[in-house]
Amino acid sequence: MIQIICKSEAYTYNTYHMMKAFFPSEEISCQTEEKASNYVTVKLPKEQEEEVLQIKEEQICATADEREKKYQIDIQLYDLLKEKTGRELAWGILTGVRPTKIAMQELETGRKEEDFIPWFTEEFRVRKDKAYLAWEIANREKQLLDRLDYEEGYSLYVGIPFCPTVCTYCSFSSGSLEAWKHRVEDYLEALCRELRFIAERSREKKLNTIYIGGGTPTTLNADQLERLLSCIDTNFSREYLLEYTVEAGRPDSITEEKLQVIKRHQVTRISINPQSMQQKTLDAIGRKHTVEQIREAYALARNVGFDNINMDIIAGLPGEDIRDMEDTLEQITALHPDSLTVHSLAIKRAARMEMKDLSADAGQMNETLSGMIEAAQKAAKKMELYPYYLYRQKNIAGNFENVGYAKVDKAGIYNILIMEEKQSIIAAGAGASTKLVLKDPVPVPGSKKKKTTRLIRVENVKAIDAYIARIDEMIERKGEWLWH
């Protein structure tokens, strides 16, 4: 057990996540003691006696404001942990999910690459190869986002919270189709009500992208897919639409009839997500399909006429080593997808897989994941796919990242918008999170302090039953903020 004691609640978040990144398999407790003599005290367990790391008051500039104090504490703690473990974190002290936002902000202020790279590596202790990656992605994102109208445009997310089975690593608010098949029709009815409301309130706006995700949208049968896509066609204009994505996801949910429905509604981009091309791994993580079914589903999609297919894989799945990843990448290269998204395994509280299922040796985990990610970069380059978006998650194994690679003209615009938070994304469905980017700042909802924000989040309830029963409430809640 690692114990963290912080003088202020303001220091606990970054301290906890930095410790979790250096010691992913350790249980960590975190508490605040306002009368503590140190800003941060970390007690590391040892076989014989306890070891203590401290960030003392005299080590931090007394005249610094709170933000600068937090930064100085993060830097000093990182340097102590790097010296203690002999390891460094790929993204240094950055604990947020959007490290490329910093690169984008610097790019927009006119900073040049030759200035950005040394500044980013020194300021945040980011590894140099990751600094170059962030800069490359920011430049590619900017080229795509310059086509959009941030103020009048918006994107639509539609959530389908059903899957053939629930994978052991998954923490999304989805359930197995077998358990929820008696509520699918009720869910679709509620979802279409919410979509009609969104369309009516957004009729003066420009819809740029649609993304139907989940869950696995193709767990719906062909008739249900037809109703959902027809609802969208009937209520939303395509005049300004640049991209329309449906996650076909699980190959065991894909049929030619469903693909024909999706194609008929002029969906421009789909995902077929193997996660791994190793049968032993698919069996272990609860994916009830074969590697051959992945190939068959992909070939079927090509035959139906889809010319923009993404595939997802996960680095760091239990039981896999670098050779397994290389074999998976070799099989995917033979298929020639238009984009490839490479995730580093993230373990969250809601997932049935726990950190203890991973290697207890953090150094070995780091080395294995680093090798897998490097192999993925090489495979993507061989397929002429270029990195175009990046994000991170809490408790991501090895403190690495998720990267989307795509052909020059096949990058997923919606994925970039999710990360950069420059345009409103209106979300429908159970667990869906709407993000409204406002022109002018407003008081933070529910905050007692005089804070303002330009980003408002409106969350739908996660539970499927609750969403169906409370759809009027979900609509009313959205209506309070939508385009006001």
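What comes next is a walk through the structure. Fair warning: this is a prediction, and the values are worked out from it, not measured in the lab.

## Section: the pattern of salt bridges
- Going through the model one piece at a time under the given rule, you end up with 35 salt bridges.
- Between Asp186 and Arg183 there is a salt bridge; the shortest N-O distance is 3.0 Å.
- Two residues, Arg193 and Asp472, come together in a salt bridge whose shortest N-O distance is 2.4 Å. With Arg193 in helix α7 (residues 184-201) and Asp472 in helix α16 (residues 471-481), the pair connects residues that are 279 residues apart, well separated along the chain.
- You can call Arg193 partly exposed: its relative accessible area is 34%.

## Some remarks on the sheet that holds strand β3 (residues 38-44)
- The strand order β2-β1-β3-β4 describes an open sheet built from four strands, whose pairing is mixed. Two strands lie at the open edges of the sheet, namely β2 (28-32) and β4 (51-56), each paired on one side alone. Across this sheet, the average inter-strand angle for adjacent strands is 10°, counted without regard to direction.
- As paired elements, strand β1 (residues 2-6) and β3 share four bridges and run antiparallel to each other. Bridging across to β3, Ile5 finds its partner in Thr41.
- Against the sheet, helix α2 (residues 66-85) contacts β3 and β4, and its axis sits at roughly 150° relative to β4.

## Overview of the environment of Glu106
- Along the polypeptide, Glu106 turns up in helix α3 (residues 100-108).
- As for Glu106 and Gly215, which are separated by 109 residues in sequence, their C-alpha atoms are 35 Å apart.
- In this structure, Glu106 is in contact with Arg111, Phe116 and Trp119, ignoring residues within four places of it in sequence.
- A distance of 2.7 Å separates polar atoms of two side chains, one belonging to Glu106 and the other to Arg111.

## Focus: the nonpolar core
- In this structure, Phe120, Leu191, Leu195, Ile212 and Leu228 are the most contacted members of the largest nonpolar core, which totals 145 residues.
- Residues contacting Leu228, with those up to four places away along its chain left out, are Val158, Ile160, Leu188, Leu191, Leu195, Ile212 and Leu220.

## Section: the environment of Phe162
- On the secondary structure map, Phe162 appears in strand β6 (residues 162-163).
- A residue is classified by how much of its surface remains accessible, and Phe162, at 0% relative accessible area, is buried.
- Taking the C-alpha atoms as reference, Phe162 lies 27 Å from Glu320; in sequence the two are 158 residues apart.

## Quick look at the packing of α7 against α16
- The contact between α7 and α16 brings their axes to 10 Å, and the two run at 20°. Put simply, α7 runs roughly parallel to α16. Remark: the crossing between α7 and α16 carries right-handed chirality. Counted together, Ala190, Arg193, Glu194, Phe197, Ile198 and Arg201 of α7 and Ile471, Asp472, Ile475, Lys478 and Gly479 of α16 form the full contact between these two elements.

What counts and how
- Residues numbered from 1 in each chain as written.
- Predicted model: local features only at pLDDT ≥ 70, side-chain atom pairs only at ≥ 80, totals over all residues.
- Heavy atoms only, no water.
- Salt bridge = Lys/Arg side-chain N within 4 Å of Asp/Glu carboxyl O.
- Helix = DSSP H or I, 4+ residues; strand = E, 2+ residues; numbered from the N terminus.
- Buried < 20%, exposed > 50% of the residue type's maximum accessible area, 1.4 Å probe, protein only.
- Pairing = 2+ DSSP bridges.
- Axes fitted to C-alpha atoms, helices over the stretch in contact; angles between N-to-C directions.
- Contact = heavy atoms within 4.5 Å.
- Polar contact = N/O pair within 3.5 Å; in protein donor to acceptor, adjacent residues only side chain to side chain.
- Core = buried A, V, L, I, M, F, W, Y, C linked by side-chain atoms within 4.5 Å.
- Parallel < 35°, antiparallel > 145°, perpendicular 65-115°, else oblique.
- Left-handed = near helix turned anticlockwise from the far one by under 90°.

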